[in-house]
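# Architecture and fold: a report
The lines below spell out each chain.
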Amino acid sequence: SENRTPLMAGNWKMNLDHQQAISTVQKLAWTLKDAKHDFAAVEVAVLPPFTDLRSVQTLVDADKLDLRYGAQDLSQHESGAYTGEISGAMLAKLGCTYVAVGHSERRQHHDESDELVAAKVAAALTNELKPILCVGEGLDVRKEGNQVSYTLAQVDAALAGLTAEQVADVVIAYEPVWAIGTGEVATPQDAQEVCGAIRGRLAELYDDAVAAGVRVLYGGSVKSGNVASIMAQPDVDGALVGGASLDPEEFAKIVRFQS
Ligand code: PEP
């Protein structure tokens, strides 16, 4: 993947309270330290629930961990009368580097539209958070063979109006919905097809240099046993890992896919 630093990001979803978060991050950090993991070579991030973030921040700061962290969602609004919402500024204040935007579970269960996803990407960037923009087709679209056009339309909508400088801070995660939490992993060729098409679209929307710099991750039932073949694809720059990221030893193996 040229000179893009791979990113392994763990999406905990609605799992692990703040005490479990501390022990999980400690175990992950110890395991990676034991393995002499080079964090500059493969970046590692966790995306815990909002209620865990302050605890994770405290631990990362106290132990000077090289680990990045972020949230699973944010509000498109800056502040005000939006009961229950969390702003980008609040996440930035907690030391978040990343925030997932447009995860398929938010699109499905919270009716997040392409327009809302675009507004959330913009809100993340305004607050100097790096959005991990999640895109990908469902099984119906895949069966019709329309995965590339469907996914690129989501990319177009989410990036609409962003400058080249802004898009350089965006990470795109291709997550075929039929492969999320199902144990059904896309083949390395399936992952490469769409990740490569996303990079091609970035070259059309911006230029080759921008396209070459943006990290495109694959997500969907990534495990220690299948990560290497997916990472071997030229346009896959990392993984967004759900279920397997809850086990710090398994997640460390995914991070250490090269060893
Ligand atoms: C995800 O939630 O982004 C994901 C890829 O989940 P899983 O790894 O469990 O399929």
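An unreviewed UniProt entry lists the protein chain under the name Triosephosphate isomerase, with Myceligenerans crystallogenes given as the organism. As stated in UniProt under Subunit (unreviewed entry), the record for the protein chain gives "Homodimer." We quote the UniProt Sequence similarities (unreviewed entry) comment for the protein chain here in full: "Belongs to the triosephosphate isomerase family."

### Details of the UniProt feature "binding site: substrate" (unreviewed entry) in the protein chain
The feature "binding site: substrate" (unreviewed entry), as given by UniProt, occupies Asn 11, Trp 12, Lys 13, Gly 181, Ser 221, Gly 242 and Gly 243 in the numbering adopted here. Spatially, the listed residues are clustered: although they cover 233 residues, their C-alpha atoms lie within 13.7 Å of one another. Inspection of the secondary structure assignment puts Asn 11 in strand β1 (residues 7-11). With 26 C-beta atoms counted inside 10 Å, the residue Asn 11 sits in the buried group. Not counting the four nearest positions on each side in its chain, Asn 11 is found in contact with Leu 47, Gln 72, Ala 100, Leu 240, Val 241, Gly 242 and Ser 245. Within the secondary structure, Ser 221 is located in the loop between β7 (216-219) and α11 (227-231).

### Comments concerning the packing of helix α1 (residues 18-34) against helix α12 (residues 248-255)
It is the contact of α1 with α12, at a shortest axis distance of 9 Å, that shows an interaxial angle of 40 degrees. Accordingly, the angle class assigned to the pair α1 and α12 is oblique. Crossing of α1 against α12: the hand is right-handed. Two secondary-structure elements touch here, α1 through Thr 24, Lys 27, Leu 28, Thr 31 and Leu 32 and α12 through Pro 248, Glu 249, Phe 251, Ala 252 and Val 255. Residue composition of the contact of α1 with α12, by class: 6 nonpolar, 2 polar and 2 charged.

### Remarks on the nonpolar core
Judged by nonpolar contacts, the single largest core of 73 residues is most densely connected at Ala 9, Val 99, Ile 132, Leu 133, Ile 172, Tyr 174 and Ala 239. The element best represented in this core is helix α5 (residues 114-126), accounting for 6 residues. Leu 133 has contacts with Val 101, Gly 102, Val 121, Ala 158, Val 170, Ile 172 and Ala 173, leaving out every residue within four places of it along the chain.

### Topic: the UniProt feature "active site" (unreviewed entry) in the protein chain
Those places that UniProt annotates as "active site" (unreviewed entry) correspond, in this numbering, to His 103 and Glu 175. These annotated residues cover 73 residues of sequence, but their C-alpha atoms sit close together, with the largest distance between any two at 8.5 Å. Position of His 103 relative to the elements: it lies in the loop between β4 (98-101) and α4 (104-109). C-beta crowding within 10 Å serves as the criterion here: with 28 such atoms nearby, His 103 is assigned to the buried category. Its location among the elements puts Glu 175 in the loop between β6 (171-174) and α9 (188-205). Accessibility expressed as a C-beta count within 10 Å gives 29 for Glu 175, which makes it buried. Setting aside its immediate chain neighbours within four residues, Glu 175 contacts Ser 104, Cys 134, Gly 136, Ile 180, Gly 219, Gly 220 and Leu 240.

### A look at the sheet that holds strand β3 (residues 68-71)
Within a sheet, each strand pairs with its neighbour through backbone hydrogen bonds, oriented either parallel or antiparallel. If you trace the 8 strands once around the closed barrel, you get β1-β2-β3-β4-β5-β6-β7-β8, paired in parallel fashion. Averaged over neighbouring strand pairs, the angle between their axes works out to 25 degrees when direction is ignored. Relative to β7, β6 runs parallel, the two sharing 3 bridges. What sits directly across from Tyr 174, in β7, is Tyr 218.

Quick notes on the rules
Residues numbered from 1 in each chain as written. Predicted model: local features only at pLDDT ≥ 70, side-chain atom pairs only at ≥ 80, totals over all residues. UniProt positions renumbered as here; feature names shortened; annotations may be inferred. Helix = DSSP H or I, 4+ residues; strand = E, 2+ residues; numbered from the N terminus. Buried ≥ 20, exposed ≤ 12 C-beta atoms within 10 Å, placed from the backbone. Contact = placed C-beta atoms within 7 Å. Axes fitted to C-alpha atoms, helices over the stretch in contact; angles between N-to-C directions. Parallel < 35°, antiparallel > 145°, perpendicular 65-115°, else oblique. Left-handed = near helix turned anticlockwise from the far one by under 90°. Nonpolar A, V, L, I, M, F, W, Y, C, P; charged D, E, K, R; others polar. Core = buried A, V, L, I, M, F, W, Y, C linked by C-beta atoms within 7 Å. Pairing = 2+ DSSP bridges.

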